[in-house]
Every structure is written in structure tokens, then in C-alpha cells.
Amino acid sequence: MRAILPLLSLASMAQALYFYIDVTTPRCFFEELPKDTLVVGHYVAEEWDDQRRAWSKHDGISIYISVDEIFDNDHRVVSQRGGPSGKFTFTAAEAGDHKICFTPSSSSGRASWLSMSQPNGGIRLTLDMAIGETSAIDSSDKSKIADLATRVKDLNARLNDIRREQVFQREREAEFRDQSESTNARVVRWILIQLFVLTATCAWQLSHLRSFFIKQKLT
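Structure report, in brief. Bear in mind that the values here come from a model prediction, so they are computed numbers and not experimental data.

### Overview of the overall build of the chain
Piece 1. Scanning the chain from terminus to terminus reveals 1 helix and 10 strands.
Piece 2. When the helices and strands of the chain are listed from N to C terminus, the series reads β-β-β-β-β-β-β-β-β-β-α.
Piece 3. Here the chain holds 219 residues, and 23% of them are scored as buried.
Piece 4. A separation threshold of at least 6 residues defines the contact pool for the chain, and within that pool the share at least 24 residues apart is 69%.
Piece 5. As displayed, the chain offers around 15,600 Å² of accessible surface, 57% of which is attributable to carbon and sulfur atoms.

Put into C-alpha cells, the structure is as follows:
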């Protein structure tokens, strides 16, 4: 059986590629990445449907994704299994070559290999990989970021309202404190005046009584 090289096709609009893989046979790519580079990949796995006469995805397809650091004794940084479509993300911890592998499996029972007699065997995998933080943001991520930005703006508005309310309460508290201190000062002054008046009255009364008793004694 003659082996067929995988077909690679680039879509100029989506910058995605699709290729054909034998089921349970991994297909790997090597990518040299700078340090701290974000990689986001989206994939769709499809199998040939004889009734529709077209490639289509179904729940029986699963894809195992692995990413190994070649420069670090094949240290595995990604190991995940997903359905017929999904997303994977990783960040290059160090600069160097990374091996990205995809291994499909299917429960449909169709021919699991590509050959001249089975041209529609295996799995067609469409892959869209974005390398770098700026290119990794797709439309769904942008909508999520926009939603987060809206929430942040709402939170900032609420925080500003809370700050204004706190400033207003502090001003009210300062005004009330000033009024309380002024009232307390007036009360203290009034008490002192009353004490002075009472003291003066008592002294006058004592002096008057003393002089009265002295006069009474003399007479």
C-alpha cells in the first residue's frame, strides 16, 4: 500500500490549514518559538459521510493534543483530549523548538487509514494556530474582552459613586463634629457662667448674713 503524503492547504482569509490523518496515527509539527510566546490553536476534526458525500464532524471523534519541548528532553507542556472541535493554549517557557502533535480517534467504524482504495479514510483536521499575543485574539476572545471592559467600566463608575458618597459623608461628619464641638463649648461656657453667678450669689448672701448677724448681736 502506497503511503500518501498529507495534504496541506492554506485558507488566505482565515489563515488556517487542513490536512488528513490516519486514525490513531499522530501528526506532528515543529515550531520554533521565542520565550514567553503565547500560542492559541483552534481545530475542527471531520470524517467522511457517505450519505452526505461530504466531510462532517460528529461526537464520536476525539483529538488528543500534546506539545513537547524538544530542547528540554521532550518535556510535555500540553496534554489534553478534546472533542471534534476545540481550542488549546500554551505559553513557551523558554525559546526553542516545540513539537505539536495531534492524534485522532473515531468510533464510527469507518476505514481508519488513507490509501488509494480508501481516499476518504482517516480524519480531516482543520487547524488555525495564532502565535503571539496580538494575533491570538480571535473574535470570541475580543467579545469576551469587550464584555470584561464594560464590566470594568461599570465597576469603576460604582467605585467613583462610592468615593463621592464617602467624601459627602466625611464632609457631613466634619460639619456635625464642628457643630458638636461648638455646642459643647457653648454648654461649657454657660456652665462656667452659672457657676460664677452661683458662687457670687453665695458669697454675697454669706456676706449679707454675716453683717446681719453682727448687727443683731450688737443690738
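### Things to note about the pairing of strand β9 (residues 96-106)
Along any regular strand, the residues point their side chains to alternate faces of the sheet.
Piece 1. Relative to β9, strand β3 (residues 27-33) runs antiparallel, the two being bridged by 7 bridges. Bridge pairing in β9 places F30 opposite K99.
Piece 2. With 9 bridges joining them, strand β6 (residues 61-69) and β9 adopt antiparallel strand pairing. When the sheet's bridge partners are listed, I65 is paired in β9 with F102.

### Some words on the state of the cysteines
Piece 1. Following the criterion strictly, the structure yields 1 disulfide and no others.
Piece 2. The side chain of C28 participates in a disulfide bridge whose partner is C101; the two sulfur atoms lie 2.0 Å from each other. Given an S-S torsion of about 110°, the disulfide between C28 and C101 has right-handed geometry. Highlighted residues: C28 in strand β3 and C101 in strand β9, separated in sequence by 73 residues.

### Points about a nonpolar patch on the surface
Piece 1. On the surface, a cluster of nonpolar side chains totalling about 530 Å² of accessible area is made up of V187, V188, I191, L192, L195 and L198.
Piece 2. One can find V188 in helix α1 (residues 139-218).

### Side note on the packing of aromatic side chains
Piece 1. Under the counting rule described, the total for this entry stands at 6 aromatic pairs.
Piece 2. Plain terms: the ring middles of F29 and F102 are 6.4 Å apart, the flat faces sit at 70° to each other, and that makes the pair edge-to-face. Taken together, the residues span a long stretch of sequence, with F29 in strand β3 and F102 in strand β9 at a distance of 73 residues.
Piece 3. The exposure class of F102 is buried, given its relative accessible area of 0%.
Piece 4. Here W48 and W55 contribute two aromatic rings whose centre-to-centre distance is 5.6 Å and whose plane-to-plane angle is 75°, an arrangement assigned as edge-to-face.
Piece 5. According to the relative accessible area criterion, W48 is buried, its value standing at 13%.
Piece 6. Residue class for W55 comes out buried when judged on its relative accessible area of 15%.
Piece 7. Over the ring of Y18 we find R124, and its NZ or CZ is 5.1 Å from the ring centre.

Parameters and conventions
Residues numbered from 1 in each chain as written. Predicted model: local features only at pLDDT ≥ 70, side-chain atom pairs only at ≥ 80, totals over all residues. Heavy atoms only, no water. Helix = DSSP H or I, 4+ residues; strand = E, 2+ residues; numbered from the N terminus. Buried < 20%, exposed > 50% of the residue type's maximum accessible area, 1.4 Å probe, protein only. Contact = heavy atoms within 4.5 Å. Areas by Shrake-Rupley, 256 points an atom, 1.4 Å probe, with all protein chains shown as cover. Pairing = 2+ DSSP bridges. Disulfide = S-S within 2.5 Å. Patch = residues over 30% accessible without salt bridge, like charges linked within 9 Å, V, L, I, M, F, W, Y side chains within 5 Å. Salt bridge = Lys/Arg side-chain N within 4 Å of Asp/Glu carboxyl O. Phe/Tyr/Trp six-rings, centres within 6.5 Å; stacked < 30°, edge-to-face > 60°. Lys NZ or Arg CZ within 6 Å of the ring centre and 35° of its normal.

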